[in-house]
Structure formats: structure tokens, C-alpha cells
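# Coordinate inspection notes
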2 protein chains.
Amino acid sequence: MSVITIERKVLEKNDEIASQNRALLKENKIFTINLVSSPGSGKTSLLEKTFEHFSGKVKTAVIEGDVQTNLDAERVAKYNVPVVQIVTNGACHLEAKLVKDALESLNLKDVHLLFIENVGNLVCPAAYDLGEDMKVVIASTTEGDDKPLKYPRMFLNASVLLINKIDLLPYLDCSLEELKKNALSINPALKVFTVSGRTGKGVKEWCSWLESNIIK
Amino acid sequence: MSVITIERKVLEKNDEIASQNRALLKENKIFTINLVSSPGSGKTSLLEKTFEHFSGKVKTAVIEGDVQTNLDAERVAKYNVPVVQIVTNGACHLEAKLVKDALESLNLKDVHLLFIENVGNLVCPAAYDLGEDMKVVIASTTEGDDKPLKYPRMFLNASVLLINKIDLLPYLDCSLEELKKNALSINPALKVFTVSGRTGKGVKEWCSWLESNIIK
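All of these numbers come straight from a predicted model, not from anything done at the bench.

Time to look at helix H7 (residues 176-186) of chain A. Because each turn of an α-helix spans 3.6 residues, side chains separated by three or four positions in sequence point in the same direction. All names here are of chain A. Looking only at H7, the buried set comprises Leu-179, Asn-182 and Ala-183. Looking straight down H7, one finds its buried side chains confined to an arc of 95°; they lie on one side. In H7, the exposed positions angled more than 90 degrees off the buried face are occupied by Glu-177, Lys-181 and Ser-185. Where H7 is buried, its residues contact helix H5 (147-150), helix H6 (152-157) and strand S6 (160-164).

In this section: unusual backbone geometry. Residues and elements named next belong to chain B. Located in the positive-phi region is Lys-29, a residue other than glycine, with phi close to 55°. When you line up the elements, Lys-29 lands in the loop between helix H1 (3-27) and strand S1 (31-37). For Lys-29, a relative accessible area of 67% translates into the label exposed.

What follows concerns the interface of chain A and chain B. At the interface, 36 residues of chain A touch 36 residues of chain B. Both sides of the chain A and chain B interface together cover about 2900 Å² of buried area, and 63% of this is carbon and sulfur. Broken down residue by residue, the surface that chain A buries against chain B is led by Pro-39, Lys-150 and Tyr-171 of chain A, which jointly contribute 21%. One can count 6 salt bridges joining chain A with chain B. Of the charged contacts, one joins Asp-72 of chain B and Lys-150 of chain A as a salt bridge, the two residues approaching to 2.5 Å between their closest N and O atoms.

Grouped together as the largest cluster of nonpolar side chains are 48 residues, with contacts concentrated most on Val-137, Phe-155 and Leu-161 of chain A together with Val-137, Phe-155 and Leu-161 of chain B. Elements with a contribution of two residues or more to this core: strand S5 (134-140), H6, S6 and H7 of chain A together with strand S5 (134-140), helix H6 (152-157), strand S6 (160-164) and helix H7 (176-186) of chain B. Looking at which element gives the most residues to this core, the answer is H7 of chain B, with 3 residues. Setting aside residues up to four positions removed in sequence, Val-137 of chain A forms contacts with Val-36, Leu-122, Met-154, Phe-155, Ala-158, Val-160, Leu-161 and Leu-162 of chain A.

Basis of the calculations
Residues numbered from 1 in each chain as written. Chains lettered and ligands numbered in written order. Predicted model: local features only at pLDDT ≥ 70, side-chain atom pairs only at ≥ 80, totals over all residues. Heavy atoms only, no water. Buried < 20%, exposed > 50% of the residue type's maximum accessible area, 1.4 Å probe, protein only. Helix = DSSP H or I, 4+ residues; strand = E, 2+ residues; numbered from the N terminus. Arc of directions from axis to C-beta. Contact = heavy atoms within 4.5 Å. Buried area = accessible area lost by both parts, 1.4 Å probe. Salt bridge = Lys/Arg side-chain N within 4 Å of Asp/Glu carboxyl O. Core = buried A, V, L, I, M, F, W, Y, C linked by side-chain atoms within 4.5 Å.

This is the structure in C-alpha cells:
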């Protein structure tokens, strides 16, 4: 049996469990976002700002995926948001089975919006369906404007692009227009928001869009 | 046959080819650096500054690893440095076999220092020996000071840490001391340099160290 056959079987099995997760989440009227990016693009900081905005308004929960440590889960827990930590012990992406196990630890009746913070990696998480409603990819201005061209699959599979760290633009050789253009050349349907997890700029627009279009 | 068995066999086969690469490189008196980091940490920018410093002094070549595009190879070629592009077509790391094939395209008699720029990924490239003399990991200040704790294997397997984008420190919530401390807590033997691929600060120290300690 070849490696490729094994890989296909792994993905088939993953997709099967992802479908079960999707059915369970739908049954509980939970909208689920699979949040993906490079390491250090600001997934957790943007989640913190999002929780501040939704505090007392939208019932939110988080599944945190990390190769090691529960540092991000500790940060998130400060916002009184239910959080389940998955440590992948070296694996570079979350799989549907890990999410299925994590869902068992959440009180699903009390969640309307679920964020799954994936492992920081622009490659492998693109291939693994977790049962989410949509993938949201974060690209930081500090990473340069060519990343959508270099890691196209992630931008192709995402529904929303959050361009983060726009407060740093004056100090970078990164063109916001070029970054948007490159992302839309890969996926013209991408909904794009420019934000700063540090200053909070743009977070209101992103959250308002979520509220009016997503959370029913 | 289980997935784990297959994975072990893939890694064993990889290590075997990596040993062949290592022997070939040693025979040709080439010092080889496997350059690893997250996407957008500044691998290519630091290479450009390194080539400027070594221009006319050290015979350098590059193997560029990318998921898609030859954008980095085009940037590097401007420095009159021999460059071979590997496009992994979706794979999230380089493997020894790909490097072996790339080595066949280089005139090894005319190279003293070889950089292999790996795919931007802090997880999987840590597991794949390519036949290099050492791994050099780049961590950008913009990624935050916790990355060594969250992606420990890469920092454990590297010999040198280049902390890049130090010109941005005044605008970030990142402590240089904390970043160094976290990296050294994972791997006390790490040689650490602070650099800026944008301003060139610290590049002289990094290159001088390479010249006096590495390139014989």
C-alpha cells in the first residue's frame, strides 16, 4: 500500500468525521469558524478583541489547537469564554477527530459562535476539514504582500481574509493594495477586512459583519 | 500496515538520502545551512543581505523551497548567486530526495556555502534532515516572544537563532529578552543573533561569525 493511498484514506476518514461534526454543530445552531494563519499572525489577539466586542451579546466558545503549551487557552480563558485545549504533540494541523473529542467537553446548548484556533501553519490545515462553516485566514502585514501567491490553497479555501497588524504598515515594505490584489487573484470571492489586534482598529467592522451575516 | 509505520518508513528513507547528501556536500567542502522559519519571517530578505556581505568573498549558492511560485528564486538570482528552485506542489516541507535532485543542477566545485531555504513552516521541516551541517531558525519579533515555547522542536533542532525585524521592536508588544530566554530554555546551546533584514543591522555580526567559525 503506497503512502499516497494511506494519505487519501486518512483524508477520507477525516472528511467523514468532519461531516459528523458539521451535523452536530448545525443541530445545535452553532456557527463555527476555523481560524488559520502562520505562527504569530495574531489569531489569539484578534480573538481577544472579538470577545471584548461580543461580551454579553454573543455566546462564544473556543477550541484551541497547539503543537505544545496551553498559553493561548490561558489567554482566552481570561475573557470568561469556555475553552477546550487540544495539544497535537507535534502534529502540524488539527484533524476532525480531535475536534470531535473537544466538542464533547463543551456545553453545546450554550454556544452560538465557535472559534477553532488551528495550529499556526499556512500549509497543512488547508487540507483538513474540521466540520466548520467557514475558514477565516489571517495574514499579517509583517509577513509581506506575496503570501497569498506562495500559499494559495489556504487563501482559496477561506471565505474571509483578515489582514492584521495594519498599525505597522508605516514601518514595513508591504503594500496593502498589493496584498489584497494577490489574495483576490487567488480567490475573488474572499471577503476582506483590515484590522489591528493591537489597537482594535477594524474589529468593529469584522464583528458587525459577523453579527449581521453569520450569527442568526 | 499502519499510518505510523508508513511515516516511520518515510522518515527512515529520508534519513538515508540525507546521509548521501551530507557525504556529497562534505566531499565538495561545502558548508550547508537549512534555513527554517514561519512564512514571512524574512528568510529571503536575510539571504539578500548575507549575499551583499559575502559578494566577491564567499562562493554561495541557494536551493529555494516553495509550495508554489519561484518569487524567492527570482529575488535571489538578482545577486548573481546560483539558485535552484524546488516547488513542492503543496507539500509543507522539503525532503532529502528533492534536495538530492537539486544538487545535481549545481556546479558543486564552485560552491563553498550553500543555503537551503525551506518552506515557511515552523513544524514539519524540523522532522526532515536534508543533509545540512546545521539548521538556522529565524524568529521575527512580529510573531511575539512565545514562539519557541509553542514550536519547541524547531528551536531544539537548530544551532543558530536569528531574531529578525528588530527595527520594529518599538512598535510591538514583544520583549527581546523574553524571546531569547524562551529560546534558550528550549535549547541552551543556541547561538543567538539579533538582526534586521530591512536595515541590515546585525548582519555583519552574523556573517563574521559564519566566516570565522564555519567557512573553512
